[in-house]
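Given next are the chains, with one letter for each unit.
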Amino acid sequence: MRITRLPDVERARARSVAVGTFDGVHLGHREVIRGADSVLTFDPHPVSVVAPQHTPKLLTTLQRKAELVASLGVQELIVIPFDREFASRSAAEFIDDVLVGALGAAQVAIGENFRFGHKAQGDPRLLAADTRFATVVHPLLEVDGEIVSSSHIRGLVLAGEVAEANRLLGSTFQLRGPVAHGDGRGRELGFPTANLVPEEALVCPGHGVYACLAGGEGIGERPAAVSIGVRPTFKTGRGELIEAYVLDFDGDLYGGELRLEFLERLRGERRFGDPQSLIEQMHRDVQRTREILTAR
(Lines give C-alpha, C1' and ligand atoms only; values in the text may rest on other atoms or scores of the structure.)
Protein backbone atom coordinates (compact mmCIF):
# COMPACT_ATOMS: atom_id res chain seq x y z
CA MET A 1 0.00 0.00 0.00
CA ARG A 2 1.23 3.48 -0.85
CA ILE A 3 1.48 6.13 1.90
CA THR A 4 1.40 9.62 0.43
CA ARG A 5 1.45 13.07 1.99
CA LEU A 6 -1.28 15.22 0.51
CA PRO A 7 0.98 17.66 -1.37
CA ASP A 8 2.54 14.72 -3.23
CA VAL A 9 -0.62 12.85 -4.18
CA GLU A 10 -1.17 11.99 -7.83
CA ARG A 11 -4.56 12.70 -9.32
CA ALA A 12 -4.47 9.86 -11.78
CA ARG A 13 -7.91 8.36 -11.22
CA ALA A 14 -11.30 8.87 -9.68
CA ARG A 15 -11.03 7.67 -6.09
CA SER A 16 -13.43 6.03 -3.71
CA VAL A 17 -12.09 7.60 -0.54
CA ALA A 18 -12.88 7.08 3.14
CA VAL A 19 -12.15 10.14 5.27
CA GLY A 20 -11.49 10.28 8.99
CA THR A 21 -8.94 10.35 11.78
CA PHE A 22 -9.33 6.58 12.24
CA ASP A 23 -7.30 6.27 15.45
CA GLY A 24 -7.25 2.56 16.23
CA VAL A 25 -8.95 1.56 12.95
CA HIS A 26 -11.68 -0.04 15.08
CA LEU A 27 -14.79 -1.90 13.97
CA GLY A 28 -16.72 1.30 13.30
CA HIS A 29 -13.89 2.71 11.20
CA ARG A 30 -13.78 -0.52 9.22
CA GLU A 31 -17.40 -0.05 8.21
CA VAL A 32 -16.51 3.38 6.81
CA ILE A 33 -13.39 2.09 5.05
CA ARG A 34 -14.99 -1.06 3.56
CA GLY A 35 -15.10 -0.78 -0.24
CA ALA A 36 -12.84 2.28 -0.45
CA ASP A 37 -9.66 2.14 -2.51
CA SER A 38 -8.11 5.14 -0.68
CA VAL A 39 -8.14 6.39 2.90
CA LEU A 40 -7.61 10.06 3.75
CA THR A 41 -6.45 10.76 7.29
CA PHE A 42 -4.68 13.41 9.35
CA ASP A 43 -1.35 13.54 11.17
CA PRO A 44 -0.97 14.72 13.85
CA HIS A 45 -4.42 14.25 15.41
CA PRO A 46 -6.43 17.43 14.64
CA VAL A 47 -7.30 17.99 18.30
CA SER A 48 -3.60 18.40 19.10
CA VAL A 49 -3.61 21.49 16.84
CA VAL A 50 -7.03 23.07 17.42
CA ALA A 51 -7.30 22.29 21.17
CA PRO A 52 -3.91 21.05 22.44
CA GLN A 53 -5.10 20.88 26.03
CA HIS A 54 -7.53 18.14 24.99
CA THR A 55 -5.06 16.08 22.93
CA PRO A 56 -5.99 12.41 23.36
CA LYS A 57 -3.53 9.62 23.95
CA LEU A 58 -3.49 7.69 20.69
CA LEU A 59 -4.27 4.02 20.11
CA THR A 60 -2.09 3.79 17.01
CA THR A 61 0.97 5.40 15.54
CA LEU A 62 0.77 6.40 11.90
CA GLN A 63 2.81 3.31 11.02
CA ARG A 64 0.38 0.99 12.83
CA LYS A 65 -2.60 2.78 11.31
CA ALA A 66 -1.13 2.23 7.85
CA GLU A 67 -0.66 -1.49 8.55
CA LEU A 68 -4.25 -1.87 9.70
CA VAL A 69 -5.64 0.08 6.74
CA ALA A 70 -3.55 -2.01 4.34
CA SER A 71 -4.94 -5.20 5.90
CA LEU A 72 -8.40 -4.06 4.75
CA GLY A 73 -7.35 -4.12 1.10
CA VAL A 74 -6.94 -0.37 0.65
CA GLN A 75 -4.59 0.71 -2.13
CA GLU A 76 -3.28 3.95 -0.65
CA LEU A 77 -3.22 5.94 2.58
CA ILE A 78 -3.19 9.69 2.00
CA VAL A 79 -2.01 11.75 4.96
CA ILE A 80 -2.84 15.42 5.48
CA PRO A 81 -0.06 17.10 7.52
CA PHE A 82 -2.44 18.84 9.89
CA ASP A 83 -1.29 22.24 11.13
CA ARG A 84 -2.80 25.63 11.99
CA GLU A 85 -2.80 26.70 8.34
CA PHE A 86 -4.79 23.66 7.31
CA ALA A 87 -7.11 24.03 10.32
CA SER A 88 -7.99 27.53 9.13
CA ARG A 89 -9.35 26.30 5.80
CA SER A 90 -13.10 26.50 5.37
CA ALA A 91 -15.25 23.42 4.85
CA ALA A 92 -15.85 24.51 1.24
CA GLU A 93 -12.09 24.76 0.65
CA PHE A 94 -11.61 21.25 2.04
CA ILE A 95 -14.16 19.92 -0.44
CA ASP A 96 -12.93 21.96 -3.42
CA ASP A 97 -9.18 21.78 -2.87
CA VAL A 98 -8.74 18.35 -1.28
CA LEU A 99 -11.59 16.00 -2.11
CA VAL A 100 -12.25 17.29 -5.64
CA GLY A 101 -9.09 19.15 -6.63
CA ALA A 102 -6.36 16.90 -5.24
CA LEU A 103 -8.09 13.53 -5.04
CA GLY A 104 -10.68 13.64 -7.81
CA ALA A 105 -13.08 11.83 -5.49
CA ALA A 106 -15.92 9.95 -7.15
CA GLN A 107 -17.23 8.67 -3.81
CA VAL A 108 -16.62 9.87 -0.26
CA ALA A 109 -17.36 7.67 2.77
CA ILE A 110 -17.54 9.13 6.27
CA GLY A 111 -18.97 8.40 9.70
CA GLU A 112 -22.07 10.30 10.74
CA ASN A 113 -20.11 12.28 13.34
CA PHE A 114 -17.43 13.48 10.91
CA ARG A 115 -16.82 17.24 10.99
CA PHE A 116 -14.34 19.23 8.95
CA GLY A 117 -13.22 22.69 8.00
CA HIS A 118 -12.56 25.77 10.14
CA LYS A 119 -14.34 25.48 13.50
CA ALA A 120 -15.79 22.12 12.33
CA GLN A 121 -18.43 23.86 10.23
CA GLY A 122 -18.57 21.08 7.63
CA ASP A 123 -20.80 18.07 8.21
CA PRO A 124 -22.25 15.10 6.31
CA ARG A 125 -25.14 17.17 4.96
CA LEU A 126 -22.72 19.58 3.30
CA LEU A 127 -20.90 16.69 1.63
CA ALA A 128 -24.13 15.00 0.55
CA ALA A 129 -25.31 18.22 -1.09
CA ASP A 130 -22.29 18.27 -3.42
CA THR A 131 -23.14 16.62 -6.73
CA ARG A 132 -19.54 16.23 -7.90
CA PHE A 133 -19.21 12.96 -5.95
CA ALA A 134 -21.41 10.43 -4.20
CA THR A 135 -21.46 10.58 -0.40
CA VAL A 136 -21.92 7.53 1.83
CA VAL A 137 -22.64 8.33 5.48
CA HIS A 138 -22.19 5.42 7.88
CA PRO A 139 -24.11 5.40 11.17
CA LEU A 140 -22.12 4.95 14.36
CA LEU A 141 -21.60 1.26 15.06
CA GLU A 142 -22.99 -0.20 18.26
CA VAL A 143 -21.80 -3.44 19.88
CA ASP A 144 -23.83 -4.77 22.80
CA GLY A 145 -25.61 -1.43 23.07
CA GLU A 146 -22.36 0.57 23.29
CA ILE A 147 -21.17 2.90 20.53
CA VAL A 148 -17.75 1.83 19.29
CA SER A 149 -15.47 4.85 19.51
CA SER A 150 -11.76 5.54 19.87
CA SER A 151 -12.37 7.38 23.16
CA HIS A 152 -14.25 4.41 24.63
CA ILE A 153 -11.51 2.00 23.57
CA ARG A 154 -8.85 4.30 25.05
CA GLY A 155 -10.70 4.10 28.34
CA LEU A 156 -10.75 0.31 28.17
CA VAL A 157 -7.01 0.15 27.53
CA LEU A 158 -6.26 2.56 30.36
CA ALA A 159 -8.38 0.40 32.65
CA GLY A 160 -6.43 -2.70 31.60
CA GLU A 161 -9.43 -4.23 29.83
CA VAL A 162 -7.37 -5.16 26.78
CA ALA A 163 -9.42 -8.21 25.78
CA GLU A 164 -12.56 -6.07 25.44
CA ALA A 165 -10.58 -3.35 23.69
CA ASN A 166 -9.32 -5.93 21.18
CA ARG A 167 -12.88 -7.09 20.53
CA LEU A 168 -13.94 -3.56 19.58
CA LEU A 169 -10.75 -2.84 17.66
CA GLY A 170 -11.02 -5.98 15.56
CA SER A 171 -7.27 -6.44 16.10
CA THR A 172 -4.87 -6.66 19.03
CA PHE A 173 -3.78 -3.52 20.83
CA GLN A 174 -0.04 -3.14 20.32
CA LEU A 175 2.89 -1.20 21.69
CA ARG A 176 6.27 -1.07 20.01
CA GLY A 177 9.58 0.47 20.82
CA PRO A 178 13.32 0.00 21.21
CA VAL A 179 14.43 -2.23 24.06
CA ALA A 180 15.92 -0.06 26.80
CA HIS A 181 18.35 -0.92 29.59
CA GLY A 182 16.80 -1.42 33.01
CA ASP A 183 18.46 -2.03 36.37
CA GLY A 184 18.73 -5.82 35.95
CA ARG A 185 16.19 -6.58 38.68
CA GLY A 186 14.32 -9.12 36.56
CA ARG A 187 17.47 -11.08 35.80
CA GLU A 188 18.32 -11.21 39.51
CA LEU A 189 14.91 -12.76 40.14
CA GLY A 190 15.32 -15.31 37.35
CA PHE A 191 13.06 -13.51 34.89
CA PRO A 192 15.20 -11.31 32.61
CA THR A 193 13.04 -8.71 30.91
CA ALA A 194 13.14 -6.60 27.78
CA ASN A 195 12.14 -3.12 28.84
CA LEU A 196 10.21 -0.47 26.93
CA VAL A 197 9.68 3.11 28.03
CA PRO A 198 6.05 4.13 27.38
CA GLU A 199 5.68 6.63 24.55
CA GLU A 200 4.10 9.81 25.86
CA ALA A 201 1.74 10.24 22.91
CA LEU A 202 0.27 6.73 23.11
CA VAL A 203 -2.23 5.03 25.39
CA CYS A 204 -0.56 2.60 27.78
CA PRO A 205 -2.50 -0.19 29.49
CA GLY A 206 -3.12 0.33 33.19
CA HIS A 207 -0.65 -0.96 35.75
CA GLY A 208 -0.70 -4.72 36.05
CA VAL A 209 0.52 -7.93 34.44
CA TYR A 210 -0.59 -9.03 30.98
CA ALA A 211 -0.37 -12.05 28.72
CA CYS A 212 1.11 -10.83 25.45
CA LEU A 213 2.48 -12.04 22.16
CA ALA A 214 5.95 -10.59 21.62
CA GLY A 215 7.54 -10.14 18.24
CA GLY A 216 10.77 -8.75 16.90
CA GLU A 217 13.96 -9.50 15.05
CA GLY A 218 15.73 -12.46 16.57
CA ILE A 219 12.76 -13.82 18.52
CA GLY A 220 10.06 -14.40 15.90
CA GLU A 221 6.79 -14.52 17.84
CA ARG A 222 6.75 -15.80 21.40
CA PRO A 223 4.52 -15.59 24.48
CA ALA A 224 5.50 -12.90 26.96
CA ALA A 225 4.40 -12.05 30.49
CA VAL A 226 4.43 -8.26 30.62
CA SER A 227 4.40 -6.06 33.70
CA ILE A 228 3.45 -2.40 33.48
CA GLY A 229 4.00 -0.14 36.46
CA VAL A 230 6.53 1.21 38.91
CA ARG A 231 7.52 -2.04 40.68
CA PRO A 232 6.17 -1.27 44.15
CA THR A 233 8.01 -4.17 45.82
CA PHE A 234 11.32 -2.37 45.21
CA LYS A 235 12.48 1.21 45.62
CA THR A 236 13.92 1.92 42.19
CA GLY A 237 13.49 5.64 41.64
CA ARG A 238 12.32 4.84 38.11
CA GLY A 239 9.11 5.98 36.50
CA GLU A 240 6.59 3.83 34.68
CA LEU A 241 8.16 0.94 32.80
CA ILE A 242 6.97 -1.87 30.53
CA GLU A 243 8.86 -5.07 31.36
CA ALA A 244 8.43 -8.07 29.06
CA TYR A 245 9.60 -11.52 30.07
CA VAL A 246 9.76 -13.38 26.76
CA LEU A 247 9.12 -17.07 27.38
CA ASP A 248 11.64 -19.66 26.21
CA PHE A 249 14.09 -17.06 24.98
CA ASP A 250 17.63 -16.40 26.10
CA GLY A 251 19.31 -13.69 24.11
CA ASP A 252 20.17 -10.01 23.87
CA LEU A 253 17.39 -7.75 22.58
CA TYR A 254 18.96 -4.40 23.49
CA GLY A 255 18.72 -1.85 20.70
CA GLY A 256 16.20 -3.85 18.68
CA GLU A 257 12.50 -3.06 18.34
CA LEU A 258 10.05 -5.14 20.33
CA ARG A 259 6.35 -5.49 19.49
CA LEU A 260 3.90 -6.43 22.22
CA GLU A 261 0.35 -7.54 21.41
CA PHE A 262 -1.78 -7.36 24.55
CA LEU A 263 -4.18 -10.28 24.87
CA GLU A 264 -5.42 -10.49 28.44
CA ARG A 265 -4.87 -8.85 31.82
CA LEU A 266 -3.71 -11.38 34.41
CA ARG A 267 -3.77 -9.25 37.55
CA GLY A 268 -3.23 -5.79 38.97
CA GLU A 269 0.07 -4.43 40.21
CA ARG A 270 0.78 -5.54 43.78
CA ARG A 271 3.33 -4.95 46.49
CA PHE A 272 4.83 -8.21 47.81
CA GLY A 273 6.25 -8.64 51.29
CA ASP A 274 9.49 -10.16 50.04
CA PRO A 275 11.19 -11.08 46.75
CA GLN A 276 10.41 -14.80 47.15
CA SER A 277 6.66 -14.11 47.20
CA LEU A 278 7.06 -12.06 44.04
CA ILE A 279 9.04 -14.86 42.35
CA GLU A 280 6.33 -17.39 43.18
CA GLN A 281 3.66 -15.10 41.69
CA MET A 282 5.78 -14.52 38.58
CA HIS A 283 5.94 -18.27 38.03
CA ARG A 284 2.13 -18.36 38.16
CA ASP A 285 1.93 -15.41 35.74
CA VAL A 286 4.23 -17.17 33.29
CA GLN A 287 2.24 -20.40 33.47
CA ARG A 288 -1.04 -18.56 32.91
CA THR A 289 0.50 -16.68 29.95
CA ARG A 290 1.61 -19.95 28.42
CA GLU A 291 -1.90 -21.39 28.80
CA ILE A 292 -3.54 -18.35 27.19
CA LEU A 293 -1.20 -18.35 24.20
CA THR A 294 -1.50 -22.11 23.75
CA ALA A 295 -5.30 -21.81 23.64
CA ARG A 296 -5.26 -19.17 20.84
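Structure report, in brief. Because the structure is predicted, anything quoted here is derived from the model rather than measured. (Residues numbered from 1 in each chain as written. Predicted model: local features only at pLDDT ≥ 70, side-chain atom pairs only at ≥ 80, totals over all residues. Heavy atoms only, no water.)

Here we come to the overall build of the chain. Looking only at helices and strands, one finds ten helices and 14 strands in the chain. Within the chain, the proportion of its 296 residues that are buried is 49%. Across the chain, the fraction of contacts at a sequence separation of at least 24, relative to all contacts at a separation of at least 6, is 71%. Just so you have it, the chain exposes about 14,300 Å², and 49% of that area is on carbon and sulfur atoms. Charged side chains in the chain number 34 positive and 40 negative. The centres of these two groups are separated by 1 Å. (Helix = DSSP H or I, 4+ residues; strand = E, 2+ residues; numbered from the N terminus. Buried < 20%, exposed > 50% of the residue type's maximum accessible area, 1.4 Å probe, protein only. Contact = heavy atoms within 4.5 Å. Areas by Shrake-Rupley, 256 points an atom, 1.4 Å probe, with all protein chains shown as cover. Lys, Arg positive; Asp, Glu negative; His and termini not counted. Charge placed at Lys NZ, Arg CZ, Asp CG, Glu CD.)

On to the side chain of T289, then. Mapped onto the secondary structure, T289 falls in helix α10 (residues 275–294). Apart from the residues lying within four places of it in its own chain, the contact partners of T289 are Y210, A211, C212, P223, A224, A225 and L266.

On to the pattern of salt bridges. Considering all chains together, one arrives at 20 salt bridges under this definition. For R15, the salt bridge is made with E76, and the minimal N-O distance between the two is 2.4 Å. Pair noted here: R15 is in strand β2 (residues 15–19) and E76 is in strand β4 (residues 76–81), with a separation of 61 residues, a long-range link. The exposure class assigned to E76 is buried, which follows from its relative accessible area of 2%. A salt bridge links E31 to R34, with the shortest nitrogen-to-oxygen separation between them at 2.7 Å. Assessed through its relative accessible area of 58%, R34 is described here as exposed. Here the residues in one salt-bridge network are R2, R15 and E76, joined through shared partners. (Salt bridge = Lys/Arg side-chain N within 4 Å of Asp/Glu carboxyl O.)

A word on the packing of aromatic side chains. Tallied over the full model, the rule gives eight aromatic pairs. Between F191 and Y245, the aromatic rings sit 5.1 Å apart at their centres with planes inclined by 75°, giving edge-to-face as the arrangement. Of this pair, F191 sits in the loop between α9 (185–188) and β10 (194–196) while Y245 sits in strand β13 (residues 241–246); the two residues are 54 residues apart in sequence, bridging distant segments of the chain. For the pair formed by F191 and Y245, the shared burial category is buried. By way of ring pairs, the aromatic residues F42, F82, F86, F94, F114 and F116 are connected into one cluster. (Phe/Tyr/Trp six-rings, centres within 6.5 Å; stacked < 30°, edge-to-face > 60°.)

Among the residues making up helix α8 (residues 162–169), those that are buried are V162, A165, N166, L168 and L169. Projected onto a plane normal to the axis of α8, the buried residues spread over an arc of 165° and lie on a single side. Each element contacted by the buried residues of α8 is listed here: α1 (27–33), β7 (142–143), α7 (150–158), β9 (173–178), β11 (208–216) and β14 (257–268). (Arc of directions from axis to C-beta.)

This brings us to the pairing of strand β5 (residues 105–111). Counting buried residues in β5 gives five out of seven residues, a clear majority hidden from the surface. By the bridge criterion, four bridges tie β2 to β5 in an arrangement that is parallel. Note on β5: the bridge partner recorded for R15 is A105. Direction of pairing for β5 relative to strand β6 (residues 134–138): parallel, over a ladder of five bridges. (Pairing = 2+ DSSP bridges.)

Nothing here speaks to function; it is all geometry.
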